[in-house]
Amino acid sequence: MTRDFAPGSPFALLSDTETAAWYAYMKVHLRLEYELNRQLRADSGISLADYHVLVALTSASGGRMRVTDLAIRIGWERSRLSHHLKRMRDRGLVETGTAADDRRVTEVVLSEAGRESLRQAAPDHVGFVRQAFLDALEPGELAQLTTLLDRVYDTLVEHGTLPRPEDHP
């Protein structure tokens, strides 16, 4: 299918195959984010952004991370994360404070309430992820998709501006 783009459109620079792939990705990405956020809010009262932070903290030693490292892990600007952490702290999901080894550094700690929120959200969330995403693919397709997404991620890390997260070699 040939697409007719106005002169100067950035997508006029992509082939039809590239455009189709990019649009397919964007459709899934945008719809999936919307649906995941809706499901989490409806079923557990936390947002997808809360969930990203909580999950990242569970993978850290003692549920504790420096704010800068957490921002890198979830791919957010530090200022956006700081504002979001304040809202999460006000709801008791996390605690923040200065690092013991460097008083200039802010750390965020997963609170027991945050851990419990994540525990309660997980079954319905995983069920939705399975229904909306995983069940659409055969096991071999899942393995292939994982390989492809890992390759794209590595390229993003190589050419992007954020450092590689410590847990992604």
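Residues numbered from 1 in each chain as written. Predicted model: local features only at pLDDT ≥ 70, side-chain atom pairs only at ≥ 80, totals over all residues. Heavy atoms only, no water.

So, about the sheet that holds strand β2 (residues 94-98). Overall, antiparallel pairing links the three strands, which are arranged β1-β3-β2 in an open sheet. The open sheet has two edge strands with one neighbour each: β1 (64-66) and β2. Taking the axes of each pair of neighbouring strands and ignoring which way they run, one obtains an average angle of 25° across the sheet. Taken together, the five bridges between β2 and strand β3 (residues 106-110) define a ladder with antiparallel strand orientation. Within the sheet, the bridge partner assigned to Glu 95 lies in β3 and is Val 109. Sheet strands in contact with helix α4 (residues 78-90) are β2 and β3, and its direction is about 120° off that of β2. (Pairing = 2+ DSSP bridges. Helix = DSSP H or I, 4+ residues; strand = E, 2+ residues; numbered from the N terminus. Axes fitted to C-alpha atoms, helices over the stretch in contact; angles between N-to-C directions. Contact = heavy atoms within 4.5 Å.)

Extensive coverage of helix α2 (residues 48-58) is indicated by the burial of eight of its 11 residues. If you check which residues of α2 are buried, you get Leu 48, Ala 49, Asp 50, Tyr 51, Val 53, Leu 54, Ala 56 and Leu 57. (Buried < 20%, exposed > 50% of the residue type's maximum accessible area, 1.4 Å probe, protein only.)

Next up on the list: the packing of aromatic side chains. Taken as a whole and judged by the stated rule, the model has one aromatic pair. Note on Trp 22 and Tyr 25: the rings are 5.4 Å apart at their centroids and 35° apart in plane angle, and the pair reads as tilted. Here the residue Trp 22 and the residue Tyr 25 both occupy positions in helix α1 (residues 16-44), the gap between them amounting to three residues, near one helical turn. The exposure class of Trp 22 is partly exposed, given its relative accessible area of 40%. With a relative accessible area of 39%, Tyr 25 lands in the partly exposed category. The ring centre of Phe 128 lies 6.0 Å from the NZ or CZ of Arg 38, which sits over that ring. Over the face of the ring belonging to Trp 76 we find Arg 80, whose NZ or CZ atom lies 3.8 Å from the ring centre. (Phe/Tyr/Trp six-rings, centres within 6.5 Å; stacked < 30°, edge-to-face > 60°. Lys NZ or Arg CZ within 6 Å of the ring centre and 35° of its normal.)

Further remarks concern the packing of helix α3 (residues 67-74) against α4. The axes of two packed helices give the description: the angle between them and the distance between them. Put simply, α3 and α4 touch, their axes get as near as 9 Å, and they point 105° apart. Judged on the interaxial angle alone, α4 and α3 are roughly perpendicular. Between α3 and α4, the residues in contact are Val 67, Thr 68, Leu 70, Ala 71 and Ile 74 and Arg 78, Leu 81, Ser 82 and Leu 85, respectively. For the contact of α3 with α4, a count of residues per class yields six nonpolar, two polar and one charged. (Parallel < 35°, antiparallel > 145°, perpendicular 65-115°, else oblique. Nonpolar A, V, L, I, M, F, W, Y, C, P; charged D, E, K, R; others polar.)

In the numbering used here, UniProt assigns the feature "domain: HTH marR-type" (unreviewed entry) to residues 18-154. Taken end to end, residues 18-154 is 70% helix and 9% strand, and its first and last C-alpha atoms sit 19 Å apart. (UniProt positions renumbered as here; feature names shortened; annotations may be inferred.)

The next point concerns the layout of surface pockets. Its volume calculated, the largest pocket comes out at about 2200 Å³. Lining the largest pocket are 46 residues, and of these Tyr 25, His 29, Glu 33, Leu 149 and Tyr 153 sit closest to its centre. Elements that contribute at least two residues to the lining of the largest pocket include exactly α1, α2, α3, α5 (112-132) and α6 (139-159). Take the lining of the largest pocket: its biggest share by element is 11 residues, from α1. In the lining of the largest pocket, the residues fall into 28 nonpolar, 10 polar and eight charged. Quantified by volume, the second largest pocket comes out at close to 240 Å³. Lining the second largest pocket are 14 residues; nearest its centre among them are Met 65, Arg 66, Asp 69, Arg 73 and Glu 166. Partitioned by chemical class, the residues of the lining of the second largest pocket number five nonpolar, one polar and eight charged. (1 Å grid on protein atoms, 1.4 Å probe; cavity = no way out; pocket = protein on both sides within 12 Å on 5 of 7 lines; lining within 4 Å. Points joined across faces, edges and corners; volume = space filled by probe spheres on them.)

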